[in-house]
Amino acid sequence: MRCAVFASGSGSNFQALIDRQKSADLHVDFAVLIANNSRAFACQRARSNGIPVEHLPPTHFAHERSYAAKLAELLGRYRVEMIALAGYMKKIPPQIVGEYRHRMLNIHPGLLPAFGGRGLYGKHVHRAVLDYGAKISGVTIHFVDEEYDHGPVVIQKVVDVLDDDTPQSLAERVLELEHAYYWRAVEAVAQQRITVKGRRVIGQI
Ligand code: GAR
């Protein structure tokens, strides 16, 4: 399948996907990287791997509808069949969500439905977990639907929260899980090995 990756920052998850593709564990073609921030390091990772980059900040559009139309045009132009959000911090317009239903994945650095939703992304999630005093955290890989951090869950993995954890140290351990598991979800979608029944994702991952 032709896969678009969306990223806003460092793109270490994007790199982990590229590495798995190179080692032939992951069977997708990376059609394009879409970044809302042209200075995101993810753009350099794409260029050094010969993957086209499109810079598309939603703030450049007066209306969500015109942003969605541009996004749809780009996804069509690159013949994108599935989408992997890899540290992408912007909302995906509902038109695009509908078009790629159960073919668009997101990673959330926490155990949904806790510590998710608007404003809870990246380091904010780890800070909220520590402030709450939770004893476990982890990663949730899920399909994207019209609500923030809400679509059907594909993979969840857990880490213990340690007494001396900081948002940074917790982020690092969760990121290791993200790198270890995201490609598996992408591969399962690409190989059409999973189906969605209600909220339940069924099949071999
Ligand atoms: C990752 O921890 C990812 O789970 C999180 O941003 C980080 C990006 O790291 N994503 C979200 O919070 C999405 N709401 P990366 O740029 O190194 O892959």
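By secondary structure assignment, the location of Arg193 is in the loop between α6 (167-190) and β8 (194-197). Sequence-wise, Arg193 and Ile205 are 12 residues apart; in three dimensions their C-alpha atoms are separated by 7.3 Å.

Our focus in this paragraph is the pattern of salt bridges. Counted according to the given criterion, the structure contains six salt bridges. With its nearest N and O atoms 3.7 Å apart, the salt bridge here joins Glu54 to Arg77. Linking Glu54 in strand β3 (residues 53-55) with Arg77 in helix α3 (residues 64-77), this pair joins segments that are 23 residues apart in sequence. Assessed through its relative accessible area of 45%, Arg77 is described here as partly exposed. Via salt bridges that share partners, Glu54, Lys70, Glu73 and Arg77 belong to a single interconnected network.

Moving on, we get to the site of the ligand. The full set of residues close to the ligand is Ser10, Gly11, Ser12, Asn13, Gly87, Met89, Ile107, Pro109, Tyr121, Gly122, Leu175 and Glu178. Side-chain polar atom of Ser10 to an oxygen atom of the ligand: 3.4 Å apart, as the coordinates give it. Between an oxygen atom of the ligand and a main-chain N or O atom of Gly122, the distance comes to 2.8 Å. Contact with the protein chains hides 89% of the accessible area of the ligand, taken as 450 Å² for the molecule alone. Here the ligand occupies the largest pocket. Secondary structure elements with two or more residues in the shell around the ligand: α1 (12-22) and α6. In terms of residue class, the shell around the ligand is made up of five nonpolar, six polar and one charged.

Running from N to C, helix α5 (residues 123-132) and α6 cross one another at 115°; their axes reach a closest spacing of 9 Å. It follows that α5 is roughly perpendicular to α6 by the angle criterion. In this structure, the crossing between α5 and α6 has a hand that is right-handed. Of α6, the residues touching α5 (which contributes Lys123, His126, Arg127, Val129 and Leu130) are Pro167, Gln168, Leu170, Ala171 and Val174. Per-class residue counts for the contact of α5 with α6 are six nonpolar, two polar and two charged.

With that out of the way, let us pick up the environment of Ala86. Considering the arrangement of structural elements, one finds Ala86 in the loop between β4 (82-85) and α4 (94-99). Classification of Ala86 as buried rests on a relative accessible area of 3%. As for Ala86 and Ser8, which are separated by 78 residues in sequence, their C-alpha atoms are 7.9 Å apart. Residues in contact with Ala86, not counting those within four places in the same chain, are Val5, Phe6, Ala7, Ser8, Asn13, Phe14, Ile107 and Tyr182.

Each pair of packed helices gets described by two things: the angle between the helix axes and the distance between those axes. Where α1 contacts α6, the axes come no closer than 9 Å and their chain directions differ by 50°. What the angle tells us is that α1 and α6 run oblique. The handedness of the crossing between α1 and α6 is right-handed. Taking contact as the criterion, the partners of Ser12, Asn13, Ala16, Leu17 and Arg20 in α1 are, on α6, Leu175, Glu178, His179, Tyr182, Trp183 and Val186. Across the contact of α1 with α6, the residue classes tally to six nonpolar, three polar and two charged.

Our focus in this paragraph is the layout of surface pockets. Empty space among the atoms becomes visible once a probe the size of a water molecule is rolled across them. Reported here for the largest pocket is a volume of approximately 820 Å³. Lining the largest pocket are 39 residues, with Gly87, Tyr88, Met89, Tyr121 and Gly122 sitting closest to its centre. The set of elements that each furnish at least two residues to the lining of the largest pocket consists of α1, β5 (104-108), α5 and α6. The element that contributes the greatest number of residues to the lining of the largest pocket is α6, accounting for five residues. Taken together, the residues that form the lining of the largest pocket break down as 14 nonpolar, 15 polar and 10 charged.

The rules behind each value
Residues numbered from 1 in each chain as written. Predicted model: local features only at pLDDT ≥ 70, side-chain atom pairs only at ≥ 80, totals over all residues. Heavy atoms only, no water. Helix = DSSP H or I, 4+ residues; strand = E, 2+ residues; numbered from the N terminus. Salt bridge = Lys/Arg side-chain N within 4 Å of Asp/Glu carboxyl O. Buried < 20%, exposed > 50% of the residue type's maximum accessible area, 1.4 Å probe, protein only. Near = heavy atom within 4 Å. Polar contact = N/O pair within 3.5 Å; in protein donor to acceptor, adjacent residues only side chain to side chain. Areas by Shrake-Rupley, 256 points an atom, 1.4 Å probe, with all protein chains shown as cover. 1 Å grid on protein atoms, 1.4 Å probe; cavity = no way out; pocket = protein on both sides within 12 Å on 5 of 7 lines; lining within 4 Å. Sits in = over half its atoms within 2 Å of the grid points. Nonpolar A, V, L, I, M, F, W, Y, C, P; charged D, E, K, R; others polar. Axes fitted to C-alpha atoms, helices over the stretch in contact; angles between N-to-C directions. Parallel < 35°, antiparallel > 145°, perpendicular 65-115°, else oblique. Left-handed = near helix turned anticlockwise from the far one by under 90°. Contact = heavy atoms within 4.5 Å. Points joined across faces, edges and corners; volume = space filled by probe spheres on them.

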